[in-house]
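Chains, contacts and geometry: an overview
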Amino acid sequence: MNAIEIVELHKTYHGLLRRNSIEALKGVSLSVKQGEIFGLLGPNGAGKTTLIKILLGIAFADRGQALIFGMDSRTPQARRSVGYLPEDHQLPEYLRAWRALDFFAKLYGLQERRSRIEELLHAVGIAERRNSKVREFSKGMRQRLGLAQALLPSPKLLILDEPTANLDPLGRKDVKDLLLRLKEQGATVFISSHVLTEIERVCDRVAILHRGQLLTEGTVDELTQEKSLEDVFVELVRGAHAMEQS
Ligand SMILES: Nc1ncnc2c1ncn2[C@@H]1O[C@H](COP(=O)(O)OP(=O)(O)OP(=O)(O)O)[C@@H](O)[C@H]1O
Ligand SMILES: [Mg+2]
C-alpha cells in the first residue's frame, strides 16, 4: 500500500457569483511509496498548498481521490498517522517554546511529554531557547518549532509545506539531516518547495507541478542526468508557459 495515492484530483476555487474562478488542480495523479521522501516542486500558485490541504481534509476536491495509507483523506482516521507543517505556521506568541509544544502534546494525548519535547527541541536545534517566548523567536526559529510540533505525535507520514523557506543554510542542513533520520526510521516525508537545490539532495522522487498540472515526475537521478534539477524545472515551466501563450 502506498503512503499517498492521488488520482485525477480536480479543484476549482469559485469567486463571487462564480466569476473569477481559479482552477487550482486540473487532474493531478501521483503516488508516494512508504518510506520515501517525495518532493512536490512548483512555482508560486502552482497548486502545491491546495493539494496538501486536500490530503489533510482541510480543503475538498471537486473530483478525484486522495488516499493516505489506503484511507480516504476526508476521514479523521486518515489524519491520525499524519504530521503537518503549514506554510504559514502560527504558534501562540505568548507561550514559551516548550510550553507551546506541551500544549500540542496534551492535545495529542501524548505520554511522557517532557522527554519527547526535550528530544524534539534538540532534534530541531532550539533546545537552548526552550524558555524563550514564541514572540521572541526569529522566523527560522519559528519554523524549527513548527517542525517539532509536526513531529510530536511520531507521524508515519510527515507533510511539510515549504519547510525551509525561512531557514538559514545551517537550518536547512539541520532539516535535511532530520528528514534523512526520519526516513531511516521508516517514516514517509512529503515536502513542497520551490527552492530546488536543497530538496534535490534528500528526495527519492520529485514531481513538478505547474498551474495545476504535473509536468513531470521521477527520481532525482532520472530527471538530472544531463542538467541540474533547477534547469529542468525552469525549462519545463517556461515551455508550459510558451505552450499556453501560443
Ligand atoms: N482559498 C482560495 N480561494 C481562491 N483561490 C485560491 C485559494 N487558495 C488558493 N487559491 C488559488 O489557487 C491557485 C493555487 O494556489 P496554491 O496556494 O495551492 O499554490 P502554491 O503552489 O502553494 O503557491 P505558493 O508557492 O505561492 O505557496 C492560485 O492561483 C491561488 O490564487
Ligand atoms: Mg503554497
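If you're wondering where the values come from, they're calculated on a predicted model, not measured in any experiment.

Check the secondary structure of the protein chain and you find nine helices and 10 strands. A compact globule built from 246 residues would reach a C-alpha radius of gyration of about 18 Å, and the protein chain, at 18 Å, matches this within 12%. Taking the principal axes of the C-alpha coordinates as reference, the protein chain spans close to 60 × 45 × 35 Å. Per-residue burial for the protein chain yields a buried fraction of 37% across its 246 residues. Considering only intrachain contacts with a sequence separation of at least 6, the fraction spanning at least 24 residues in the protein chain is 66%.

Turning to the sheet that holds strand β1 (residues 4-13), a few remarks are in order. Across the sheet, four strands lie side by side as β2-β1-β4-β5; this open sheet has antiparallel pairing. The sheet terminates laterally at β2 (22-32) and β5 (71-72), the two strands that pair on one side only. Here five bridges tie β1 to strand β4 (residues 63-68), and the two strands are oriented antiparallel to one another. By the bridge assignment, Ile4 is partnered in β4 with Ile68. Together, β1, β2 and β4 form the strand contacts of helix α1 (residues 48-55), whose direction differs from that of β1 by roughly 115°.

This part is about unusual backbone geometry. One non-glycine residue, Glu8, lies in the positive phi region at around 45°. Summarising the element assignment, Glu8 is placed in strand β1. Its identity is not glycine, yet Glu162 carries a phi of approximately 55°, on the positive side. Position of Glu162 among the secondary structure elements: in the loop between β7 (157-161) and α6 (169-184).

Turning next to the packing of helix α3 (residues 97-108) against helix α5 (residues 139-151). Look at α3 against α5: their axes get within 10 Å of each other, and the N-to-C directions meet at 30°. As far as their axial angle goes, α5 and α3 are roughly parallel. The two elements α3 and α5 cross, and the hand of that crossing is right-handed. Across the interface between the two elements, Ala97, Ala100, Leu101 and Phe104 from α3 touch Leu145, Ala148 and Gln149 from α5. Split by residue class, the contact of α3 with α5 holds six nonpolar, one polar and no charged.

Summarising burial for α1: eight of the eight residues are buried, a large majority. Regarding α1, the residues found buried are Lys48, Thr49, Thr50, Leu51, Ile52, Lys53, Ile54 and Leu55. Where α1 terminates, the next one or two residues include Gly57, which has phi positive at roughly 70°.

What follows covers the pairing of strand β8 (residues 188-193). Within β8, six of the six residues are buried, which leaves the element mostly enclosed by the surrounding structure. Along β8, one buried face is formed by Thr188, Phe190 and Ser192 and the opposite face, lined by Val189, Ile191 and Ser193, is buried too. Relative to β8, strand β3 (residues 37-41) is paired through five bridges, and the arrangement is parallel. When the sheet's bridge partners are listed, Phe38 is paired in β8 with Phe190. Relative to β8, β7 runs parallel, the two sharing five bridges. Each bridged residue has a counterpart across the sheet, and for Leu160 the counterpart in β8 is Ile191.

With that settled, consider the packing of α3 against helix α4 (residues 113-123). Where α3 contacts α4, the axes come no closer than 10 Å and their chain directions differ by 125°. As far as their axial angle goes, α4 and α3 are oblique. As α3 packs across α4, the resulting crossing turns out to be right-handed. Across the interface between the two elements, Ala97, Trp98, Leu101, Asp102 and Ala105 of α3 pack against Arg113, Arg116, Ile117, Leu120 and Leu121 of α4. Class assignment of the residues belonging to the contact of α3 with α4 gives a composition of seven nonpolar, no polar and three charged.

Calculation rules
- Numbering of residues starts from 1 in each chain and follows the order in which that chain's sequence is written.
- Think of it this way: whatever chain is written first is A, whatever ligand is written first is 1, and the rest follow in order.
- Side-chain atom pairs in this predicted model are given and counted only at pLDDT of 80 or more, local residue features only at pLDDT of at least 70, and totals for whole chains, interfaces and linings cover all residues.
- Put simply, DSSP marks the helices as runs of H or I at least four residues long and the strands as runs of E at least two long, and each gets a number from the N terminus on.
- Radius of gyration here is computed from C-alpha atoms only, and the compact-globule reference equals 2.2 Å multiplied by the residue count raised to the power 0.38.
- Here a residue counts as buried when 20 or more other C-beta atoms sit within 10 Å of its C-beta, as exposed when there are 12 or fewer, and as partly exposed otherwise, the C-beta atoms being derived from the backbone.
- Working definition of a contact: two residues with C-beta atoms, positioned from the backbone, lying within 7 Å.
- The criterion for strand pairing is that DSSP finds at least two bridges linking the strands in question.
- Note on geometry: axes are lines fitted to C-alpha atoms, helical ones only across the stretch in contact, with angles between N-to-C directions running from 0 to 180 degrees.
- Angles below 35 degrees are treated as roughly parallel, those above 145 as roughly antiparallel, those between 65 and 115 as roughly perpendicular, and all remaining angles as oblique.
- For any pair of crossing helices, the crossing counts as left-handed if the nearer helix is rotated counterclockwise from the farther one by less than a right angle, and right-handed if it is rotated clockwise.
- Residues are grouped as follows: Ala, Val, Leu, Ile, Met, Phe, Trp, Tyr, Cys and Pro are nonpolar; Asp, Glu, Lys and Arg are charged; all remaining types, including Gly, are polar.

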